[in-house]
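# An overview of the molecular structure
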Amino acid sequence: MGIQYLTKHLLPYAESIQLNGQTPGLEDPPRVRGVVIDGPSLVYHVHHRLLSWIDPSCDILDVQPSCDEVSRGVCSYLLQLNELGVEIHKICFDGALPTPKRETRLSRNEKSRKRLELARRDLPLHTAPKSRPPINPKAGQIWCSRGLPSRRKNLPENPFMVSTVYEDLKGRWSKESIRNNVDEDITSLIHQEEYPWAERTVMVPGEADVECARVAKATGSAVLSGDSDLMVHDLGPEGSVVFLDSVQTPSGVWDAVAGDIRGLRICPAVLARKLGVASIQRFAFALTQNPHLRFAQIVQAAKDDGGVTESSDVYRNFLREYEDQDTHLQPAVGAGCLVQDLDPRVSELVWQYQLPRIYCSDGVPHVYLGVLSEDHARQCAWRHGRDYRALGYSFFNLSRAADNRYSIVREYVRRGGRIVADEVALSEEPYVKLELGLLRSRLESTRDTFGHSLATERFWVLFALSEIYRDASTTPTGKQVEKFLAKGYMGQRTDWADVQLLGQIQATLYSLRVLKQLLDIAAPDDDSVESRSLLAELPPLYIMMSRRRMIESFADNRIAKDAVRRLFTTFF
């Protein structure tokens, strides 16, 4: 979450720069020609920029940019950097957080939960839902800063958007896909690989900023980030931080032809010399010791003291968080599959098994499930799909050596007005085989019910609905489900019941994704091979988590009507 007040104190010393790989003219500001990107920071930044441009009077489930729209926005951002001649060295994502960061993670989850609670209380449900067109990634909103109304700040961010962007950078955004979905003009990508950013997009077994700092130091480039902590890392004599929220067009209006993108940069080594302190690390440490000191007092406290500070255990512990931990190493974890291929939450679970001393020091693996867009007044939607997540955890656990197994996994989820640790018991082999067999039977039965020619994205929504209502005491009517599939709401307008149902569908499908990935990397046997093939057709996240795609795929009333008839005849 950053060191409190660090940016406030140092930002006045930032210099204005231009993101451009060309040689500057005499009157141009300094130019940043190469960057390493803090992936999660860029995702949240693009989400925030797009959110500020959405009409607040639209449907509550459309008032935020979707995972697909955020992914297109990130793709457009990278494409524009490429067109400006800015070299992108790496795009780094968190693969696991060390145990000291768990309190920070819980604090963030609690903040999201509180936002959800406030959204449930304050956001209006319009009498006539107002749909909106998809966000056009060429419109340039990501380069224009715009204020966000205070009420809109209460919306929790989409918990799947970072995973979606990572997945898309690795496997969706090919040149052809970029041309068809983001921008027809991809001239600047001609000499690049078919998937321009796949090899440069990495998931590290720690925090993204550690790897960002390592690459920035090695290349003398700037880190694009919203995290003030990066100024405390060793970026070398030329490495710097460019703050994402400062990056915009000078006029505040997008001009695709001019392509003039400015921002604010701080080079910690240069700034330390200017302030007369040994390092920005010393300044940041002095600030953490007493956050309420005035700027001049902090500078004085950070001055050279004959090595007393450097030799103290408190200072060394402070620095440990910002040290290089060989995050570039990526060992295989089974069946030739790398951690690089995994969803960030699955990656974090795997790293707790791989390096328990760093990521699982208390002897219990942790999984942090994000706060869903759901009805805060109802039971958490993550209850749906829990059995499939537990099956995945258990299967992976059994694939490990006997001395590298656990009896439980702790899932952090919303329960009422709190974020709690829910203990998931891990099962033994006979039960796991039994549950895999039951999953196969349910999937095969559902395929038979809806027909094997049914489009994949329709099938998985219907399977999720069958799972959600399988043991439910009450179910909506067939007409209500038809309307939900074709319109996105069951009544005359979007209600909190619709928000909840969409959250339940997403929780179920994401849980199947977790199971699939854990089956993929665990030691395969006859049972797993067959189960993996049944889950092989799970759609990518940008489709799986899209309400718009669901509505489009069931827009034909006959398709929705026939699907619901089969659903109710067979399962309810």
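To be clear, the structure that these remarks concern was listed above.
Residues numbered from 1 in each chain as written. Predicted model: local features only at pLDDT ≥ 70, side-chain atom pairs only at ≥ 80, totals over all residues. Heavy atoms only, no water.

Once that is clear, we can look at the sheet that holds strand β10 (residues 408-415). A sheet is described by the order of its strands in space; here three strands give the open sequence β9-β10-β11, paired in mixed fashion. Sheet topology places β9 (366-368) and β11 (418-425) at the edges, where each strand pairs with a single neighbour. The average undirected angle you get between the axes of adjacent strands in this sheet is 30°. Two elements, β9 and β10, share three bridges in a ladder whose sense is parallel. Across the sheet, V367 pairs through a bridge with E411, a residue of β10. (Pairing = 2+ DSSP bridges. Helix = DSSP H or I, 4+ residues; strand = E, 2+ residues; numbered from the N terminus. Axes fitted to C-alpha atoms, helices over the stretch in contact; angles between N-to-C directions.)

Okay, the packing of helix α16 (residues 456-468) against helix α22 (residues 557-571) next. The contact between α16 and α22 brings their axes to 11 Å, and the two run at 35°. In the packing of α16 onto α22, the handedness of the crossing is right-handed. Residue-level inspection shows R458, L462, L465 and S466 of α16 in contact with α22, the latter providing I559, A563, L567 and F571. In the contact of α16 with α22, the residues fall into six nonpolar, one polar and one charged. (Left-handed = near helix turned anticlockwise from the far one by under 90°. Contact = heavy atoms within 4.5 Å. Nonpolar A, V, L, I, M, F, W, Y, C, P; charged D, E, K, R; others polar.)

Grouped together as the largest cluster of nonpolar side chains are 130 residues, with contacts concentrated most on Y77, L81, W197 and L465. Broken down by element, the residue count for this core peaks at 14 residues, all from helix α18 (residues 496-521). With residues near it in sequence (within four places) discarded, W197 still touches C75, L78, L79, I88, I91, L169, W173, I178 and L189. With 37 residues, the next largest nonpolar core counts M231, V241, I266 and L287 among its residues. (Core = buried A, V, L, I, M, F, W, Y, C linked by side-chain atoms within 4.5 Å. Buried < 20%, exposed > 50% of the residue type's maximum accessible area, 1.4 Å probe, protein only.)

With that settled, the discussion passes to the packing of helix α3 (residues 67-83) against helix α5 (residues 161-171). Contact geometry of α3 with α5 gives a least axis separation of 9 Å together with a crossing angle of 50°. In terms of axis orientation, α3 runs oblique to α5. Here the hand of the crossing between α3 and α5 comes out right-handed. Listed contacts from α5 to C67, V70, S71, V74 and L78 of α3 are M161, T164, V165, D168 and L169. Here the contact of α3 with α5 is built from residues that sort into seven nonpolar, two polar and one charged. (Parallel < 35°, antiparallel > 145°, perpendicular 65-115°, else oblique.)

Moving on to unusual backbone geometry. In the Ramachandran plot, Y5 falls in the positive-phi region, its phi being about 75° despite a non-glycine side chain. Tracing the sequence through the fold places Y5 in the segment before α1 (6-10). Accessibility expressed as a relative area gives 31% for Y5, which makes it partly exposed.

So, about the sheet that holds strand β7 (residues 240-243). The eight strands are arranged β2-β1-β8-β7-β6-β3-β4-β5 in an open sheet whose pairing can be described as mixed. Two strands lie at the open edges of the sheet, namely β2 (31-32) and β5 (201-204), each paired on one side alone. Note that strand β1 (residues 15-19) and strand β8 (residues 262-266) share four bridges and pair antiparallel. Directly across from S16, in β8, lies its bridge partner L264.

Our next topic: the packing of aromatic side chains. Evaluated as defined, the whole model comprises 18 aromatic pairs. Judged by centre distance (5.0 Å) and plane angle (45°), the rings of F160 and Y510 are tilted. In this pair, F160 is assigned in the loop between α4 (102-122) and α5 and Y510 in helix α18, connecting sequence segments 350 residues apart. Grouping residues by exposure puts F160 and Y510 together as buried. Measuring from centroid to centroid gives 6.2 Å for F459 and F463, while their planes differ by 20°, and the two rings are stacked. (Phe/Tyr/Trp six-rings, centres within 6.5 Å; stacked < 30°, edge-to-face > 60°.)

Attention shifts here to the side chain of D183. Note on placement: D183 falls in the loop between α6 (175-181) and β5. Within polar-contact distance, the side chain of D183 engages the backbone nitrogen of D185 at 3.0 Å. In this view, D183 contacts L79, K138 and I178; residues no more than four positions away in its chain are not counted. (Polar contact = N/O pair within 3.5 Å; in protein donor to acceptor, adjacent residues only side chain to side chain.)

The next point concerns the layout of surface pockets. Reported here for the second largest pocket is a volume of approximately 700 Å³. As for the second largest pocket, its lining consists of 28 residues, of which R383, H384, I468, A472 and Q504 are closest to the centre. When contributions to the lining of the second largest pocket are tallied by element, the ones reaching two or more residues are α14 (386-398), α15 (429-450), α16 and α18. With five residues, α18 is the largest single contributor of residues to the lining of the second largest pocket. (1 Å grid on protein atoms, 1.4 Å probe; cavity = no way out; pocket = protein on both sides within 12 Å on 5 of 7 lines; lining within 4 Å. Points joined across faces, edges and corners; volume = space filled by probe spheres on them.)

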